[in-house]
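Architecture and fold: a report
Given next are the chains, with one letter for each unit.
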Amino acid sequence: SAANIGVVGLAVMGSNLARNLASREGNTVAVYNRSREKTDALVAEHPEAGFIPSFSYEEFAASLTTPRTAIIMVKAGRGTDAVIDELVKVFEPGDIIVDGGNAYFPDTIRREKAVRETGINFVGAGISGGEEGALNGPSIMPGGSDESWVTLGPILTSIAAVAEGEPCVTHIGHNGAGHFVKMVHNGIEYADMQLIAEAYDLIRRGTGKTPAEIADIFTDWNGGELESYLIEITAEVLRQIDAETGKPLVDVILDQAGAKGTGAWTVQTALSLGVPVSGIAEATFARSLSSHPEQRRVAAALPGPDSTFEVDDVDAFVEDVRQALFASKIIAYSQGFDEIRAGAEEYDWSIDLGAVAKIWRAGCIIRAQFLNRIADAYAEEPGLPVLATAPYFADSIARGQGAWRRVVVAAAQAGIPAPAFSSSLAYYDGIRADRLPAALVQGQRDFFGAHTYKRIDKPGTFHTDWSGDRTESEAEDTH
Ligand code: 6PG
């Protein structure tokens, strides 16, 4: 036994992670794949990595020093359970099984509980950054026990991306905490992408600029507060010309967005936690809406506004859209961090929100300078209830809200869908409202279902006898 870390599952993500591990001082990497060909190919193509190949789980376990540590890199789902079952048979108490896939966090909680009974540690670790990140430095979000972190911490730190000298990995919390945080990362990723797409659409349809011209705008924006990987790659996508037709590639790509489920999980979880992640939800639904061509075909006959969309001052409009994008982005992140806070409370994880922001500064898909501001906000006030109220964000929104409102109005008048822009603004106006029409909703609920209400002027729970003499009486709290 000579390897300090093993990787099971050698598709692109697994191979790249194995190569990343092997390239770091002090690591020797054992590799295993269900079909032998992938193992042979990886070992043959990368002699420099010094991989220790194995062709059975017994051999794999025997090639690892104790405590044995293995990272599973297979497609999330039943395949993960199958590999865990095999590893449990050949591993011993104290060993560590890591799931590096995009698992749904309740599955991770379930697996951790089951594996723990064998004395083996199970760690669900979110890994972000795609193929390139896996190879050169991802952002890693591990959950699991403190005991496993002792062994795993240095190994993951050796391969993680580095932001301003700090590794983009931290022990997020117990059992499913890592996969929970990775899930929310993906939800925020959906919102970020949708907001950028709406900005592009508004500029294109409002000003008639070409994709290449809009690419230049994004490149320009990337030099300011919007600086991020997603803005950067957006410019590249918009600049791309299709070799076959000579058209901008974005005009040739079918406008139906796919999704592998992590955005939907973020929204489902938020619904059960009662956290309004409206930006993420709209982004997820925007993908769903796009993917129903049969509905879109019949709905195309529906009328739009009479007026045509004309922008007088193009530069001013582009600047408005930039500010609307930034304000909406702040809301999306504020909502995402709210979900992490609520999840931590519900599942009893002690998650350091500032540390989460820090490990997202590099390696992952939503990486951006902006995350420094979030880390600062939580450093200033760890219990911050609404991220958007931190001074830097509140000031930015105060400066940009005029533009934000103009853009949402323009979109509505022009008949251009901007669901993420407009729902973020509605959230902003909702959360800052002095009084909400929720009072009326409570009245309605009490009317038809005797669901009771509370009063602003005295404690207790009340019901009005709506079908009788309409007098109010104290009632039992039914929520
Ligand atoms: C990452 C990405 C990665 C993957 C998403 C894509 O953090 O590296 O989020 O996990 O690209 O799952 O999700 P969709 O296919 O749902 O867009």
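With an unreviewed UniProt entry as reference, the protein is termed 6-phosphogluconate dehydrogenase, decarboxylating, source organism Microbacterium faecale. Here is the UniProt Catalytic activity (unreviewed entry) comment for the protein, exactly as written: "6-phospho-D-gluconate + NADP(+) = D-ribulose 5-phosphate + CO2 + NADPH". Listed under Pathway (unreviewed entry) in UniProt, the entry text for the protein is "Carbohydrate degradation; pentose phosphate pathway; D-ribulose 5-phosphate from D-glucose 6-phosphate (oxidative stage): step 3/3."

**Section: the nonpolar core**
By size, the foremost hydrophobic cluster in this structure holds 91 residues, and its most contacted members are Phe218, Trp221, Phe337, Ile351, Trp360, Ile374 and Phe421. In this structure, Ile351 is in contact with Ile172, Ala177, Val181, Ile340, Ala344 and Val356, ignoring residues within four places of it in sequence. Met73, Val98, Ile127 and Ile140 belong to the second-largest nonpolar core, a separate cluster that totals 27 residues.

**Quick look at the packing of aromatic side chains**
Following the criterion strictly, the structure yields 20 aromatic pairs and no others. Ring geometry for Phe218 and Trp221: centres 5.1 Å apart, planes at 80 degrees, overall edge-to-face. With Phe218 and Trp221 both in helix H9 (residues 211-221), this residue pair falls three residues apart, about one helical turn. Relative accessible area serves as the criterion here: at 0%, Phe218 is assigned to the buried category.

**Thoughts on the pairing of strand E4 (residues 69-72)**
Burial of E4 is two-sided: the residues Thr69 and Ile71 facing one way and the residues Ala70 and Ile72 facing the other way are all buried. Inspection of the sheet shows strand E1 (residues 5-8) paired to E4 by three bridges, in the parallel sense. Across the sheet, the residue bridging to Val8 is Ile72, located in E4. Note that E4 and strand E5 (residues 96-99) share four bridges and pair parallel. Its bridge partner lying in E5, Thr69 is registered against Ile96. With helix H4 (residues 78-90) bridging E4 and its parallel neighbour E5, the resulting β-α-β unit is right-handed.

**Some thoughts on the UniProt feature "domain: 6-phosphogluconate dehydrogenase C-terminal" (unreviewed entry) in the protein**
Mapped onto this numbering, the UniProt entry annotates "domain: 6-phosphogluconate dehydrogenase C-terminal" (unreviewed entry) at residues 178-467. In residues 178-467, helix accounts for 64% and strand for 1%; the two terminal C-alpha atoms are 52 Å from one another.

**Regarding the layout of surface pockets**
The gaps left among the atoms become clear once a water-sized probe is rolled over them. Here the second largest pocket is characterised by a volume of approximately 220 Å³. What lines the second largest pocket is Arg435, Ala439, Gln442, Tyr453, Lys454, Arg455, Ile456 and Glu472. The residue inventory of the lining of the second largest pocket, partitioned by class, reads three nonpolar, one polar and four charged.

**A short note on the sheet that holds strand E3 (residues 52-53)**
Taken in spatial order, the seven strands line up as E3-E2-E1-E4-E5-E6-E7 in an open sheet, and their pairing is mixed. Both edges of this open sheet fall to E3 and strand E7 (139-142), since each of them pairs with a single strand only.

**Considerations on the site of the ligand**
The environment of the ligand is made up of 14 residues, and the closest members are Ser128, Glu189, Tyr190, Lys260 and Arg287. In this structure, Asn102 approaches the ligand through a side-chain N or O atom, which is 2.8 Å from an oxygen atom. The separation between an oxygen atom of the ligand and a polar main-chain atom of Lys260 is 2.6 Å. Protein contacts shield 80% of the accessible area of the ligand, which totals 410 Å² for the unbound molecule. Ranked by residues supplied to the shell around the ligand, first place goes to helix H8 (residues 177-207) with five residues. Here the shell around the ligand is composed, by residue class, of three nonpolar, seven polar and four charged.

**Some thoughts on the pattern of salt bridges**
Counted under the stated rule, the structure contains 26 salt bridges. Linking Glu319 and Arg322 is a salt bridge whose minimum nitrogen-to-oxygen distance equals 2.9 Å. Highlighted residues: Glu319 and Arg322, both in helix H14 (residues 314-347), separated by three residues, approximately one helical turn. Residue classification places Arg322 among the buried positions, given a relative accessible area of 17%.

**Some remarks on the confidence of the model for the protein**
Across the protein, the average pLDDT comes to 97, with 99% of residues at or above 70. With pTM at 0.97, the complex prediction returns an ipTM value of 0.97.

**Examining the packing of helix H11 (residues 262-273) against H14**
Remark: H11 packs on H14, axes separated minimally by 10 Å, with the N-to-C direction vectors making an angle of 60 degrees. In terms of orientation, H11 and H14 fall into the oblique class. Between H11 and H14 lies a crossing whose hand is left-handed. Where H11 approaches H14, its residues Thr266, Thr269, Ala270 and Leu273 are matched on the opposing element by Glu339, Ala342, Gly343 and Glu346. For the contact of H11 with H14, a count of residues per class yields three nonpolar, three polar and two charged.

**A closer look at the side chain of Thr464**
Tracing the backbone shows Thr464 in strand E10 (residues 462-464). Among the polar contacts made by the side chain of Thr464, one reaches the side chain of Tyr453 at a distance of 2.6 Å. Setting aside residues up to four positions removed in sequence, Thr464 forms contacts with Asp446, Tyr453, Arg470, Thr471 and Glu472.

**Section: unusual backbone geometry**
Thr66 connects to Pro67 through a cis peptide bond whose omega is -5 degrees. Along the chain, the position of Pro67 falls in the loop between helix H3 (57-62) and E4. One non-glycine residue, Asn175, lies in positive phi territory at about 25 degrees. Tracing the chain through its elements places Asn175 in the loop between strand E9 (166-167) and H8.

So, how was this worked out
- Each chain has its residues counted from 1, following the order in which its sequence is written.
- Totals for whole chains, interfaces and linings use all residues, but because this is a predicted model, local features are given only for residues with pLDDT of at least 70 and pairs of side-chain atoms are given and counted only at 80 or more.
- Working from all heavy atoms in the structure, the side-chain values ignore hydrogens and water.
- UniProt positions are given in the numbering used here, feature names are shortened, and annotations may be inferred rather than shown by experiment.
- Residue types Ala, Val, Leu, Ile, Met, Phe, Trp, Tyr and Cys, when buried and joined through side-chain atoms within 4.5 Å, form a set referred to as a nonpolar core.
- The buried label applies to any residue whose accessible area, calculated with a 1.4 Å probe on protein chains only, is under 20% of its type's maximum; exposed applies above 50%, and partly exposed to all values in between.
- Only heavy atoms matter for contacts: two residues are in contact if any of them lie within 4.5 Å across the pair.
- Aromatic contacts are taken between Phe, Tyr and Trp rings whose centres are within 6.5 Å, Trp giving its six-membered ring; a plane angle under 30 degrees counts as stacked, one over 60 as edge-to-face, and the others as tilted.
- The helix count covers DSSP runs of H or I at least four residues long, the strand count covers runs of E at least two residues long, and both are numbered beginning at the N terminus.
- At least two DSSP bridges between two strands are required for those strands to pair.
- A crossover gets the label right-handed when its path from the first strand over the helix to the second runs clockwise, viewed with the strands pointing away from the viewer.
- Lining residues are those with an atom within 4 Å of a point, where the points come from a 1 Å grid over the protein atoms alone and group into cavities, where a 1.4 Å probe fits but cannot get out, or pockets, open sets with protein on both sides within 12 Å along at least five of seven lines.
- Grid points are joined across faces, edges and corners, and a volume is the space filled by probe spheres set on the points.
- Amino acid classes used here: Ala, Val, Leu, Ile, Met, Phe, Trp, Tyr, Cys and Pro are nonpolar; Asp, Glu, Lys and Arg are charged; the rest, including Gly, are polar.
- We call a residue near a given molecule or strand whenever any one of its heavy atoms falls within 4 Å of it.
- Any pair of nitrogen or oxygen atoms within 3.5 Å is treated as a polar contact; in protein, a donor-acceptor pairing is required on top of that, and neighbouring residues in sequence qualify only through side-chain atoms on both sides.
- Only the protein chains shown count as cover for residues, and the accessible areas themselves come from Shrake-Rupley with a 1.4 Å probe.
- When a carboxyl oxygen of Asp or Glu lies within 4 Å of a side-chain nitrogen of Lys or Arg, that pair is called a salt bridge.
- The predictor attaches a confidence to each residue, and that confidence, scored 0 to 100, is pLDDT.
- The axes are straight lines fitted to the C-alpha atoms, using for helices just the contacting stretch, and the angles between their N-to-C directions are given from 0 to 180°.
- Any angle that falls under 35 degrees is termed roughly parallel, while one over 145 is termed roughly antiparallel, one within 65 to 115 roughly perpendicular, and all others oblique.
- Crossings are sorted by hand: turned counterclockwise from the far helix by less than a right angle, the near helix makes the crossing left-handed, and turned clockwise it makes it right-handed.

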